[in-house]
Amino acid sequence: MARVTLVSWTNKPLQVIHAMTQNMMGNIITDLDSIKEEDAIETIRELQKTNLGGPLEYVDFTFQIEGVPRALTHQIVRTRVGAVYSQESLRFCAKTGEQFKYDVGPSIKTEEQLKIYHEAMKNIQQAYENLLEAGVEVQDARGVLPINILTNIGVKYNLKTLIGIAEVRLCTQSQPHWIDIITQMKKEITEKVHPIFGELLVMYCDRHNKCGYESIYDRKCPKQAKFK
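Quick caveat: nothing in here was measured; it's all calculated off a predicted structure.

Rules and cut-offs
- Residues numbered from 1 in each chain as written.
- Predicted model: local features only at pLDDT ≥ 70, side-chain atom pairs only at ≥ 80, totals over all residues.
- Heavy atoms only, no water.
- Axes fitted to C-alpha atoms, helices over the stretch in contact; angles between N-to-C directions.
- Helix = DSSP H or I, 4+ residues; strand = E, 2+ residues; numbered from the N terminus.
- Parallel < 35°, antiparallel > 145°, perpendicular 65-115°, else oblique.
- Left-handed = near helix turned anticlockwise from the far one by under 90°.
- Contact = heavy atoms within 4.5 Å.
- Nonpolar A, V, L, I, M, F, W, Y, C, P; charged D, E, K, R; others polar.
- Pairing = 2+ DSSP bridges.
- Core = buried A, V, L, I, M, F, W, Y, C linked by side-chain atoms within 4.5 Å.
- Buried < 20%, exposed > 50% of the residue type's maximum accessible area, 1.4 Å probe, protein only.
- Salt bridge = Lys/Arg side-chain N within 4 Å of Asp/Glu carboxyl O.
- Expected span 1.5 Å × (residues − 1).
- Arc of directions from axis to C-beta.

**Q** Teacher, can you tell me more about the packing of helix α6 (residues 159–169) against helix α7 (residues 176–192) here?
**A** Geometrically, a packed helix pair is captured by the angle between its two axes and the distance between the axes. Between α6 and α7, the least distance of the axes is 10 Å, while the angle of their chain directions is 140°. It follows from the interaxial angle that α6 and α7 lie oblique. Crossing hand, α6 versus α7: left-handed. Between α6 and α7, the contacting residues are L162, I165, A166 and R169 on the first element and W178, I179, I182, M185 and I189 on the second. A class-by-class count of the residues in the contact of α6 with α7 yields eight nonpolar, no polar and one charged.

Given below as structure tokens:
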């Protein structure tokens, strides 16, 4: 199972958002300690009623994400605005022995399916290690590794960006890995920073009271009928 750990965040995030919002009203606050928590929370709730989300970009959250398939990190790094990444590099990290760990998709569940899948992975691992033993550089031998090899990645998102990611990735349109990752992020932020930030991480339909995926390219969702 993947593990998400919140390792760093903006100091006094509630007060920072409040102060930056007050700037727009011509009220410059330089002493963050003078801001009452209840006033800051009310500001954040009001910001959810408008598209003026700039003040949310002043708050950053940094996470370490462990044990996810590279298929997922290929999706994670698509978000570029308000995001920073530092991923384990297979140019330097050799996935040999017990380091060769991989994900098994949920539809692979029968005995026959599992046998085929695990045998394929065993063959890949053997070929990879044979290449390394034959003198091939790690950065070249990695070409045979599967897309579901497990990896680690550090990510930093500002709050506005993270809210947007949650809207999309908590939805049933996403693969299960995403729902797990965002749910863990939400839990970490709620427990370590403040519950109000966890409350902001919801799927698109829960925030906008409509489905955002109704084209011929989207998967059907059990909640769609609710918004017809």
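More follows now that the structure is in view.
**Q** What should I look at first to understand the environment of P146 in this one?
**A** Summarising the element assignment, P146 is placed in the loop between α5 (138–141) and β4 (150–158). Counting along the chain gives 84 residues from P146 to T62, while the straight-line C-alpha distance between them is 28 Å.

**Q** Could you clarify how one ought to interpret the sheet that holds strand β2 (residues 60–69) in this entry?
**A** Sheet strands pair via backbone hydrogen bonds, and the direction of the pair is either parallel or antiparallel. If you walk across this open sheet you meet the four strands as β1-β2-β4-β3, and the pairing is antiparallel. Sheet topology places β1 (3–9) and β3 (83–87) at the edges, where each strand pairs with a single neighbour. Within this sheet the neighbouring strands show an average axis-to-axis angle of 20°, counted without direction. Relative to β4, β2 is paired through eight bridges, and the arrangement is antiparallel. What sits directly across from V68, in β4, is T151.

**Q** Got a minute to help me understand the nonpolar core in this structure?
**A** A general tendency of soluble globular proteins is for nonpolar side chains to be buried together. Counting 42 residues, the largest nonpolar core has F63, I65, M185 and F197 as the members making the most contacts within it. Residues in contact with M185, not counting those within four places in the same chain, are V4, F63, I65, V155, Y157 and L162. Judged by nonpolar contacts, the second largest core, of eight residues, contains F100, Y117, Y128 and I149.

**Q** For this particular structure, what's the right way to read the pattern of salt bridges?
**A** Opposite charge on two side chains makes pairing possible when the charged atoms of those side chains draw close. Applying the stated criterion across every chain yields a total of ten salt bridges. Here R3 ties to E66 by a salt bridge, and the two come within 4.0 Å at their closest N and O atoms. With R3 in strand β1 and E66 in strand β2, this pair connects stretches of sequence that are 63 residues apart. The exposure class of E66 is partly exposed, given its relative accessible area of 32%.

**Q** Help me understand the packing of helix α1 (residues 13–23) against helix α2 (residues 37–47), please; the structure alone is not making it clear to me.
**A** It is the contact of α1 with α2, at a shortest axis distance of 8 Å, that shows an interaxial angle of 65°. Pair α1 / α2 crosses with left-handed handedness. On α2, the residues that touch L14, Q15, I17, H18 and T21 of α1 are E37, D39, A40, I41, T43, I44 and L47. Class assignment of the residues belonging to the contact of α1 with α2 gives a composition of six nonpolar, four polar and two charged.

**Q** Can you help me understand α7 in this one?
**A** In a regular helix each residue adds 1.5 Å, so 17 residues correspond to 24 Å; α7 covers 24 Å between its end C-alpha atoms and thus fits that length. Regarding α7, the residues found buried are W178, I181, I182, Q184, M185, E188 and I189. The buried residues of α7 occupy an angular sector of 160° when projected down its axis, which confines them to one face. Counted as exposed and oriented over 90 degrees from the buried face of α7: P176 and E191.

By themselves, these figures tell us nothing about what the structure is for.
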